[in-house]
Amino acid sequence: MTPPSRSPYVVVGAGIHGLSTAYHLAKELRTRGLGSGSDVIVLDKTAPGAGASGIACGVVRNNYFQPAMSELMQACVEVWESDPAAYHYNPVGYMALGAGVQESDLMAVHERHERIGYRSELILGEAAVDAHMKRLFPDWRAKGVTVLLHEHQGGFAFNMDSVLGLVGKCVSEGVTVHSGVEVHAFESAADGTVTAVDTSAGRIEVGEQLVVAPGPWAKHFWGMLGLPMRIDIRTPAGDVVKDRPMWTYWNLQEGEIKVDPTMFATADGGAPPVIHLDTDAPLYTDDGKLVTDELWGIYYKRDRNGVQGGASPLTVGDDVELDPYPQTTNVDPDFADMWCAALSHSMSRFEGCRALYENARSGGVGAFTADNFPVFDYLRPNVYAVLDSNHGYKMIGVGREVAKVLVGEHSALLYPFRFERFETGDLHPVSHSPYPWS
Ligand SMILES: Cc1cc2nc3c(=O)[nH]c(=O)nc-3n(C[C@H](O)[C@H](O)[C@H](O)COP(=O)(O)OP(=O)(O)OC[C@H]3O[C@@H](n4cnc5c(N)ncnc54)[C@H](O)[C@@H]3O)c2cc1C
């Protein structure tokens, strides 16, 4: 279908954020008597789920050390829980298992969970963690784990299914999602207001507001909006770190083993929580080769056709070819050995799983901001950007907040993610996690 030549609200990107924003905006317009979904269009150069949302491992958790991330994630989990069937959400919980260096972080996270009413349990000490894990998984055998944060909310969702669930919700509100429409440029008024978007399907006038939710293509849109590619960052201590790249790319390394998924079940045959294990215990392959004796980490979940997960991402640099997405740039050739060794280290049921490793459509590149946290903000008078720094499949609730902002409300949950923080020094605290997104 050809897009109209004018629309009050234009959303670019049919990933989790663009679709969630469009759906919630349509609801806001309808319930406030301001309009309806027919005032909203979504444009995607390929199709819904063609970006990071369609490749995400799908993990939904609230193990965030940063208060603002934790509070926002609670709102996101609320959205997942609001319609598990449409979102293909599996509320199996999430376990973060860590080594000594992570104890204080996870204790702080747990305290905050208690304060905000997010259901989780903290277990401290190697023996207690081991006993808790063995009750669920009798063959648990990971070493060097002294802390466990067991989230009884969270879990995972099936990536493409949840995207399509959101498309269905958009359509039910009267929003039209246009696939195969690429945005090439913006036309602006003197005050920076974007008046029209130039697309592969023609010019579309923006009546009210434009939302950009381009996922890994964030840097490209940043350039289209004329924003600086290098910035100075004021730290909370007041020093200024000069000339930092605003955007860098990381490659998310993920893979899967082809097994009967039910072999990964809890002792009573139930669906297992998502597991994230970090430890400094030496890691060996099943045939006794040392993989690493430094802190390492993996995550894994039961999938439809096996067990899927990943490990720490690799930096790719300031520039990367994204199309066709996902590019498999800079994958560590030893990733499969490491990930399978780590699965086997954690549970004996995975011994020998290296032979079952699949080269499936897993992994891909993500775009990260200068402090690795999202930018959710107006970047022009009528252009709201949802740039999640690769945190965001789980952040389905961001669109609900953005929709409120678009109709004129303040969002206390989004405010800590304004672009201005780099100038004012209101940065988010940094944890001891080896991952850029914790
Ligand atoms: C391998 C991998 C695993 C991940 N695992 C998880 C996870 O387990 N849990 C989690 O919470 N997060 C995860 N993430 C992060 C998460 O996937 C992203 O943060 C999130 O999906 C981004 O959503 P989005 O809607 O912003 O972007 P996307 O889903 O990338 O959507 C952007 C859309 O914009 C379109 N587009 C781009 N340029 C244009 C243009 N010029 N014109 C029109 N359309 C355009 C693209 O086609 C695309 O469909 C993972 C990321 C990767 C890469």
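Residues numbered from 1 in each chain as written. Predicted model: local features only at pLDDT ≥ 70, side-chain atom pairs only at ≥ 80, totals over all residues. Heavy atoms only, no water.

Q: What should I look at first to understand the overall build of the protein chain in this one?
A: Counting its secondary structure elements, the protein chain contains 10 helices and 26 strands. Here the protein chain has a C-alpha radius of gyration of 22 Å; the compact-globule value for 438 residues is 22 Å, and the two agree. Considering only C-alpha atoms, the protein chain reaches an extent of 65 × 50 × 40 Å along its principal axes. Across the 438 residues of the protein chain, 58% fall into the buried class. Of the contacts made within the protein chain by residues no fewer than 6 positions apart, 75% connect residues no fewer than 24 positions apart. (Helix = DSSP H or I, 4+ residues; strand = E, 2+ residues; numbered from the N terminus. Rg over C-alpha atoms; globule rule 2.2 N^0.38 Å. Buried < 20%, exposed > 50% of the residue type's maximum accessible area, 1.4 Å probe, protein only. Contact = heavy atoms within 4.5 Å.)

Q: Honestly, the sheet that holds strand β6 (residues 120–124) in this entry has me stumped. Any pointers?
A: Sheet strands line up and pair through hydrogen bonds in the backbone, either parallel or antiparallel. Read across the sheet, 8 strands follow the order β6-β7-β5-β17-β20-β21-β16-β23 without closing on themselves; strand pairing throughout is mixed. In this open sheet, the two strands that pair with only one neighbour each are β6 and β23 (357–358). Looking at chain direction, strand β17 (residues 274–279) and strand β20 (residues 296–302) are connected through 5 bridges and run antiparallel. Residue pairing across strands places histidine 276 opposite tyrosine 299, the latter belonging to β20. Against the sheet, helix α4 (residues 103–116) engages β5 (94–98), β6 and β7 (147–151), with an angle of about 150 degrees to β6. Seen against the sheet, helix α5 (residues 126–136) touches β5, β6, β7 and β17 and runs at an angle of roughly 40 degrees to β7. (Pairing = 2+ DSSP bridges. Axes fitted to C-alpha atoms, helices over the stretch in contact; angles between N-to-C directions.)

Q: What's the story with the packing of aromatic side chains in this structure? I'm lost.
A: How two aromatic rings sit relative to each other is set out by the distance from centre to centre and by the angle between their planes. Counted by the stated rule, this structure contains 19 aromatic pairs. When the centroid spacing of 5.1 Å and the interplanar angle of 85 degrees are considered together, the rings of tyrosine 378 and tyrosine 384 count as edge-to-face. Among the aromatic residues, those joined into a cluster by ring pairs are Trp80, Tyr87, Tyr89 and Tyr393. Sitting above the plane of the phenylalanine 158 ring, arginine 304 keeps its charged end 3.7 Å from the centroid. (Phe/Tyr/Trp six-rings, centres within 6.5 Å; stacked < 30°, edge-to-face > 60°. Lys NZ or Arg CZ within 6 Å of the ring centre and 35° of its normal.)

Q: Before we go on, may I ask you to explain the site of the ligand in this structure?
A: The environment of the ligand is formed by 39 residues, the closest being Asp44, Ala52, Ser53, Asp388 and Lys394. Here an oxygen atom of the ligand sits 2.5 Å away from a polar atom, N or O, in the side chain of serine 53. Between the ligand and aspartate 388, the relevant distance is 2.6 Å, taken from an oxygen atom to a side-chain nitrogen or oxygen of the residue. Of all the secondary structure elements, the ones that give two or more residues to the shell around the ligand are α1 (16–31), β2 (40–44) and β24 (364–368). (Near = heavy atom within 4 Å. Polar contact = N/O pair within 3.5 Å; in protein donor to acceptor, adjacent residues only side chain to side chain.)

Q: Help me understand the environment of serine 389 in this model?
A: Within the secondary structure, serine 389 sits in the loop between β26 (383–387) and α9 (398–406). Residue serine 389 is classed as buried on the basis of its relative accessible area of 1%. Spatially, the C-alpha atom of serine 389 lies 13 Å from that of aspartate 377, the residues being 12 residues apart in sequence. Other than its neighbours up to four places away in sequence, serine 389 contacts Ala367, Phe368, Thr369, Asn372, Phe373 and Pro374.

Q: Would you explain α9 in this entry?
A: An α-helix turns once per 3.6 residues; consequently, residues spaced three or four apart project the same way. With 7 of its 9 residues buried, α9 lies for the most part within the structure. Along α9, the residues classified as buried are Val398, Gly399, Glu401, Val402, Ala403, Val405 and Leu406. Check the buried side of α9 and you find it contacts β1 (6–12), α1, α2 (67–82), β12 (202–212), β25 (375–380) and β26. Looking one or two places after α9, you find glycine 408, whose phi comes out positive at around 105 degrees.

Q: Even after reading the chapter, I still don't get the nonpolar core, so can you show me in this structure?
A: Generally speaking, a soluble globular protein has its nonpolar side chains buried in company with each other. The biggest cluster of nonpolar side chains holds 49 residues, and the ones touching the most others in it are Trp80, Phe376, Tyr384 and Val398. Going through the elements one at a time, β1, α1, β2, α2, α6 (159–172), β26 and α9 are the ones with two or more residues in this core. Ignoring sequence-local partners within four residues, the contact set of tyrosine 384 consists of Leu210, Val211, Val212, Phe376, Asp377, Tyr378, Val402, Val405, Leu406 and Leu414. In terms of nonpolar packing, the next biggest core, distinct from the first, is built from 38 residues, Val181, Leu210, Val320 and Val375 among them. (Core = buried A, V, L, I, M, F, W, Y, C linked by side-chain atoms within 4.5 Å.)

Q: Would you mind showing me how to read unusual backbone geometry here?
A: Trans peptide bonds make up the majority, and among non-glycine residues the majority have a negative phi. Note the cis peptide between aspartate 323 and proline 324, where omega equals -5 degrees. Structurally, the position occupied by proline 324 is in the loop between β22 (314–317) and α8 (335–346). Note the cis peptide between tyrosine 325 and proline 326, where omega equals -5 degrees. By the secondary structure assignment, proline 326 is in the loop between β22 and α8. Even without being glycine, histidine 88 reaches a positive phi, approximately 55 degrees. Along the polypeptide, histidine 88 turns up in the loop between α3 (84–87) and β4 (89–90).

Q: What am I meant to see in the confidence of the model for the protein chain here?
A: Detailed reading of the predicted coordinates is not advisable wherever pLDDT is low. With 98% of its residues at a pLDDT of at least 70, the protein chain reaches an overall mean of 95. Highest mean pLDDT in the protein chain belongs to β1 (99); lowest belongs to β22 (87). (pLDDT = per-residue confidence, 0-100.)

Q: Would you mind going over the side chain of aspartate 44 with me for this structure?
A: Tracing the backbone through its elements, the reader meets aspartate 44 in strand β2. No salt bridge is formed by the buried aspartate 44. Its closest oppositely charged neighbour is lysine 45, at 7.5 Å. At 2.7 Å, the side chain of aspartate 44 forms a polar contact with the backbone nitrogen of alanine 14. Contacts of aspartate 44, omitting those with residues within four sequence positions, involve Gly13, Ala14, His178, Ser179, Gly180 and Val181. (Lys, Arg positive; Asp, Glu negative; His and termini not counted. Salt bridge = Lys/Arg side-chain N within 4 Å of Asp/Glu carboxyl O.)

Q: For this particular structure, what's the right way to read the packing of α1 against α9?
A: How two helices pack is summed up by the angle between their axes together with the distance between the axes. Between α1 and α9, the least distance of the axes is 7 Å, while the angle of their chain directions is 50 degrees. Classed by the angle they form, the pair α1 and α9 counts as oblique. Between α1 and α9 lies a crossing whose hand is right-handed. Here His17, Ser20, Thr21, His24, Leu25 and Glu28 of α1 lie close against α9, whose contacting residues are Val398, Gly399, Arg400, Val402, Ala403, Lys404 and Leu406. Classifying every residue of the contact of α1 with α9 gives 5 nonpolar, 5 polar and 3 charged. (Parallel < 35°, antiparallel > 145°, perpendicular 65-115°, else oblique. Left-handed = near helix turned anticlockwise from the far one by under 90°. Nonpolar A, V, L, I, M, F, W, Y, C, P; charged D, E, K, R; others polar.)

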